[in-house]
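If you want the building blocks of each chain, they are given just below.
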Amino acid sequence: MKLERWHRELKYEEGGGKALRRLDKSLSLVLRTISKKLIGRMISMEWGKLTAKISTIRMRHEKSCKEMQAYTAEELQPTKWIIYKTVAKGINTYEVNKVKDCDCPIRCHKCQICIHSLTCNCVDYAVRFTICKHIHYVCQKFPLMVANVSDETVLLVDEDSNRLRREKEKEAILKEKEKSVVHEEPTELVYEQVKRNMQLLNNAIDIANAEQIKRIDQDVKNLLQFMDISPFCSSLPSIQHFSSK
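Here the residue numbering is sequential within each chain, running from 1 through the sequence in written order. Two thresholds apply to this predicted model, a pLDDT of at least 70 for residue-level local features and 80 or more for giving and counting side-chain atom pairs, whereas whole-chain, interface and lining totals are computed over all residues. Computation of side-chain values covers all heavy atoms of the structure but excludes hydrogens and water.

**Student:** What exactly am I supposed to notice about the sheet that holds strand S2 (residues 80-87) here?
**Tutor:** For sheets, the rule is that strands pair by backbone hydrogen bonds, running either parallel or antiparallel. With antiparallel pairing, four strands are arranged side by side in an open sheet as S1-S2-S3-S6. At either margin of the open sheet sits one strand with a lone partner, and together these are strand S1 (72-77) and strand S6 (118-120). For this sheet the average axis-to-axis angle between neighbouring strands, irrespective of direction, equals 25 degrees. In this scheme, strands are said to pair when DSSP sees at least two bridges between them. Only runs of H or I of at least four residues qualify as helices and only runs of E of at least two qualify as strands under DSSP, and these elements are numbered from the N terminus. Pairing of S1 with S2, which is carried by five bridges, proceeds in the antiparallel orientation. Within S2, the position partnered with Thr72 by the bridge is Tyr84. Only heavy atoms enter the contact rule, under which two residues are in contact if any of them lie within 4.5 Å. Axis definition: a line fit to C-alpha positions, over the contact stretch in the case of helices; interaxial angles, taken between N-to-C directions, run 0 to 180 degrees. On the sheet, helix H5 (residues 133-141) packs against S1, S2, strand S3 (90-98) and S6 and is oriented at approximately 130 degrees with respect to S6.

**Student:** Can you help me understand the packing of helix H3 (residues 52-67) against H5 in this one?
**Tutor:** Think of two packed helices as two axes; the pair is described by the angle between the axes and how far apart they sit. Between H3 and H5, the least distance of the axes is 8 Å, while the angle of their chain directions is 65 degrees. As H3 runs across H5, the sense of the crossing is right-handed. Mapping the contact onto sequence places Ile57, Arg60, His61, Lys63, Ser64, Cys65 and Glu67 in H3 and Lys133, His136, Tyr137 and Gln140 in H5. Charged residues are taken to be Asp, Glu, Lys and Arg, nonpolar residues to be Ala, Val, Leu, Ile, Met, Phe, Trp, Tyr, Cys and Pro, and polar residues to be all remaining types, Gly included. Of the residues belonging to the contact of H3 with H5, the class tally is three nonpolar, four polar and four charged. Crossing chirality is assigned from the near helix's rotation relative to the far helix, an anticlockwise turn below a right angle marking it left-handed and a clockwise turn marking it right-handed.

**Student:** What is the right way to look at the packing of aromatic side chains in this model?
**Tutor:** Geometry of an aromatic ring pair is reported as the spacing of the ring centres plus the angle between the planes. Put simply, two rings from Phe, Tyr or Trp (the six-membered ring, in Trp's case) pair if the centres are within 6.5 Å, and we call them stacked under 30 degrees between planes, edge-to-face over 60, tilted for the rest. Counted by the stated rule, this structure contains three aromatic pairs. Centroid distance Tyr71 to Tyr94: 6.5 Å. Interplanar angle 45 degrees. Geometry classified as tilted. One end of the pair, Tyr71, is in the loop between H3 and S1; the other, Tyr94, is in strand S3, and 23 residues separate them in sequence.

Structure, rendered in structure tokens:
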């Protein structure tokens, strides 16, 4: 699934749905997409990312504040609560249990719990594995009880190790980005450098032409001397004389 999503992003989002036959354009497209991915990763590490899971948790919290007035919550044990609602055909009951505490980022900051703190036997929690509205309701009704419950199976997350891991990842991304940076010079310097190179090239061509003319002139004189017509050779004008005209 991830491979198909990556292929769709390359072909349709970055490539515009065109079939690229040139290797250089294909490589440029892949490198540009990877660069965008690295920048997006750095932004998500700095500012955080609103994932679908966090968005669902916030929606369930708002839903518990608006739609849970008809429910009643009772504490059975320090780590167990029951929520029930009277309906026409009977009573709907839900059981919420305290499991453990952890500092994972998938959490509800208003209720001060993460997704692993409490469990519920409702369909929303069992199927979607999210903090359902019943758990939010228990946290609102018994905030001190939920916060003060301690368990031997506490999951501790080392924030220092996570911070060091993020710092190393940032350094690796920055080093990778520095490799692809092109140091551009001002336009005036580029034009001046091109003009100077063209002037040097023209001077080299002129020098080569003059040396070639001298060499041809000397070869003609040697040929005439070899043919024993040296008196006539002295009266011939030089090739440089014709070239100067």
